[in-house]
Amino acid sequence: MISPRPVPIWDFTEQLTKHFEMSEMAFSPLDAVKDSTIGDDVAERAARLKRVPDDKAMLRAVAELTRDLGAPNPRIFWSDFLASAFLGYAGLAIAILATSLWLQIVAGVISVLALYRAGGFIHEVTHIKHSALPGFRFGFNAVIGVPLLVPSYMYEGIHNLHHARTRYGTDQDPEYLPLALMKPWTLPVFILVSLLAPIALLFRNAVLAPLSLIIPPLRKLVVERYSGLVINPAFRRRPAEGEARRNWIWQETAASIWSIILLTSVFTGIIRLNAFLIFLAIVACVAVLNQIRTLVAHLWENDGEPLSVTAQFLDSVNVPPPGLLASIWAPVGLRYHALHHLLPSVPYHALGEAHRRLTAQLVPDSAYHRANYDGLPGLAYRLAKSTMIRGA
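Only a predicted model underlies this, so the values are computations on that prediction, with no experimental measurement involved.

The rules we used
- Residues numbered from 1 in each chain as written.
- Predicted model: local features only at pLDDT ≥ 70, side-chain atom pairs only at ≥ 80, totals over all residues.
- Heavy atoms only, no water.
- Helix = DSSP H or I, 4+ residues; strand = E, 2+ residues; numbered from the N terminus.
- Buried < 20%, exposed > 50% of the residue type's maximum accessible area, 1.4 Å probe, protein only.
- Contact = heavy atoms within 4.5 Å.
- Arc of directions from axis to C-beta.
- Core = buried A, V, L, I, M, F, W, Y, C linked by side-chain atoms within 4.5 Å.
- Expected span 1.5 Å × (residues − 1).
- Lys, Arg positive; Asp, Glu negative; His and termini not counted.
- Salt bridge = Lys/Arg side-chain N within 4 Å of Asp/Glu carboxyl O.
- Polar contact = N/O pair within 3.5 Å; in protein donor to acceptor, adjacent residues only side chain to side chain.
- Phe/Tyr/Trp six-rings, centres within 6.5 Å; stacked < 30°, edge-to-face > 60°.
- Axes fitted to C-alpha atoms, helices over the stretch in contact; angles between N-to-C directions.
- Parallel < 35°, antiparallel > 145°, perpendicular 65-115°, else oblique.
- Nonpolar A, V, L, I, M, F, W, Y, C, P; charged D, E, K, R; others polar.

Explain the overall build of the chain to me, and be specific about the residues and the numbers.
Along its length, the chain carries 19 helices and 0 strands. Buried residues in the chain amount to 53% of all 392 residues. Relative to all contacts within the chain whose residues are 6 or more apart in sequence, the contacts with residues 24 or more apart total 76%.

How would you summarise the environment of L177 if you had to cite specific residues and measurements?
With respect to the helices and strands, L177 occurs in the loop between α9 (159-162) and α10 (186-192). Among the residues examined, L177 registers a relative accessible area of 15% and is labelled buried. Residues L177 and N302 lie 125 residues apart in sequence; the distance between their C-alpha atoms is 8.4 Å. Excluding residues within four positions of it along the chain, L177 makes contact with M182, I231, N232, P233 and W300.

Which residues make up unusual backbone geometry, and what are the values?
Phi is mostly negative for residues that are not glycine, and the peptide bonds are mostly trans. A cis amide bond, omega 20°, links P321 with the succeeding residue P322. Despite not being glycine, L149 shows a phi value in the positive range, around 70°. Locating L149 in the fold gives a position in the loop between α8 (136-145) and α9. On the basis of relative accessibility, which here comes to 1%, the residue L149 falls in the buried class.

Lay out helix α3 (residues 42-50) with the relevant residues and their values.
Those residues of α3 not exposed but buried are V42, R45, A46, R48 and L49. Looking straight down α3, one finds that the buried residues subtend no more than 165° of arc, so they occupy a single side.

Tell me about the nonpolar core, and name the residues and values.
Membership of the largest hydrophobic core comes to 42 residues, with the highest contact counts inside it found for F121, F136 and I144. Mapped onto this core, the elements with two or more residues apiece are α5 (74-97), α6 (101-119), α7 (121-127), α8, α11 (197-212), α13 (242-267) and α14 (273-295). The element best represented in this core is α14, accounting for 9 residues. Discounting chain neighbours no more than four positions away, the residues touching F121 are F77, D80, F81, F136, F140, V332 and Y348. Ranked by size, the runner-up nonpolar core spans 40 residues in total, among them L187, L307, A371 and L383.

An account of α13 is requested, with residue identities and associated values reported.
With 26 residues, α13 should reach 38 Å at 1.5 Å per residue; the first-to-last C-alpha distance of 38 Å fits that figure. Those residues of α13 that are buried lie in contact with α8, α11, α12 (216-225) and α14. Within two residues after α13, G269 carries a phi angle of roughly 85°, on the positive side.

Describe the side chain of E124, and please don't skip the residues or the numbers.
Relative to the helices and strands, E124 is located in helix α7. Of the buried charged residues, E124 lacks a salt bridge, with R117 as the closest side chain of opposite charge at 9.7 Å. Among the polar contacts listed, one links the side chain of E124 to the backbone nitrogen of Y348, at a separation of 3.2 Å. Residues within four places of E124 in sequence aside, it is in contact with F77, V332, P347 and Y348.

Before we move on, can you summarise the pattern of salt bridges with the specific residues and values?
Applying the stated criterion across every chain yields a total of 12 salt bridges. E301 is paired through a salt bridge with R45; the nearest N and O atoms lie 2.7 Å apart. Remark: R45 occurs in helix α3 and E301 occurs in the loop between α14 and α15 (309-314); sequence separation between them is 256 residues. Accessibility expressed as a relative area gives 5% for E301, which makes it buried.

Describe the packing of aromatic side chains, naming the residues involved and giving the relevant values.
The full count for this structure, using the stated rule, is 14 aromatic pairs. Considering the side-chain rings of F77 and Y348, the 5.2 Å spacing of their centres and the 75° angle between planes classify their relative orientation as edge-to-face. Of this pair, F77 sits in helix α5 while Y348 sits in the loop between α17 (337-342) and α18 (351-361), and the two are 271 residues apart along the sequence. For the pair shown, F77 and Y348 are each scored as buried. Plain terms: the ring middles of F81 and F136 are 5.4 Å apart, the flat faces sit at 65° to each other, and that makes the pair edge-to-face. A residue pair is termed long-range when its members are at least 10 positions apart, and F81 in helix α5 and F136 in helix α8 qualify at 55 residues. Ring pairs connect the aromatic residues F77, W78, F81, F121, F136, F140 and Y348, which therefore count as one cluster.

Which residues make up the environment of I158, and what values go with them?
Secondary-structure assignment places I158 in the loop between α8 and α9. In this structure, the C-alpha to C-alpha distance between I158 and D173, residues 15 residues apart in sequence, is 8.9 Å. In this structure, I158 is in contact with P174, E175, G228, L229, V230, F235 and R237, ignoring residues within four places of it in sequence.

So, the packing of α5 against α8: which residues are in play, and what are the values?
Viewed as axis vectors pointing N to C, α5 and α8 meet at an angle of 5°, and their least axial separation amounts to 11 Å. When the interaxial angle is binned, α5 and α8 end up roughly parallel. Only F136, G139, F140, V143 and I144 of α8 make contact with α5, whose side of the interface consists of F77, W78, F81, L82, A85 and Y89. The class makeup of the residues in the contact of α5 with α8 is 10 nonpolar, 1 polar and no charged.

Read these as spatial facts, not as claims about activity.
The structure is reproduced here in structure tokens:
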């Protein structure tokens, strides 16, 4: 199994620099994608994307200008994460205990947004060098991962495959579907299925996980199909090894115990059914919000062929300032998702500075600027329009 340990930023930038020195561009990446308006047939855009070579100037700038941004700041990580979790659980408690419907709604919205932000740190857990942030994996799982039924083992060892140079956008990518090339009905289904996430996760942890310990064929199915936060239904996960396996065992055990206690408490009346349903509704809304964010994290225009690093970047999305809403629906650095694909080891709090440096340094016709978008509505419209053109 590929190790979930992220590539240190100094190694990553050194590899990029060597790659630029060894390769020559046949033509400009900008020329290959400059005619990518929504009126084009998405299949033509997909074909052009496969022909995009690497933009050496952009990638060299990425390597050279961000060498000092690779270290996570423990104060920022812990304060942001714990404050978000506290606000989220406080909102959940008020939503459960309040007698006013309006107060319940307001508290519920605050809880969803805060828990969504706290949950977003699973992405950082996957990428950070844990020796630089000791205890954070355990803290995340104790505070958010296990209580919300998404322990980090379900993302570690999965998400790094999405960043693999030859896997991105292929059938070996657990986090990619060619959504822009699919039928229009796939988009609402993609979002609505996330509403079932808390129920599915409870069933997985309270029923399937314990049974799989005594039924080997079921265990194989649970590991391959139901142990990763993926969107590619063809993906099959491999069993973890070494430290990753140890982390998997304790996290899965904790999630199973928590799920069994939670369901038992509801069935015996210790936890009121109304409170349980509010909890499920808030977790479901967090899942839906994350699914909507996922929908616009990429353009989803690759039809399964390996892409150059620059093409992968151009198939991804940045929503930089001055817009403020992106910090809510794409928190914890996710508004710089395209940049993150160039700098997967840079912590979320440094991506804004990396973007500012690159924007100031790179010439206007650099491919870097082509991945910047104004916001969620335009991206969602582009994707929906693509499916209607393609799927008509």
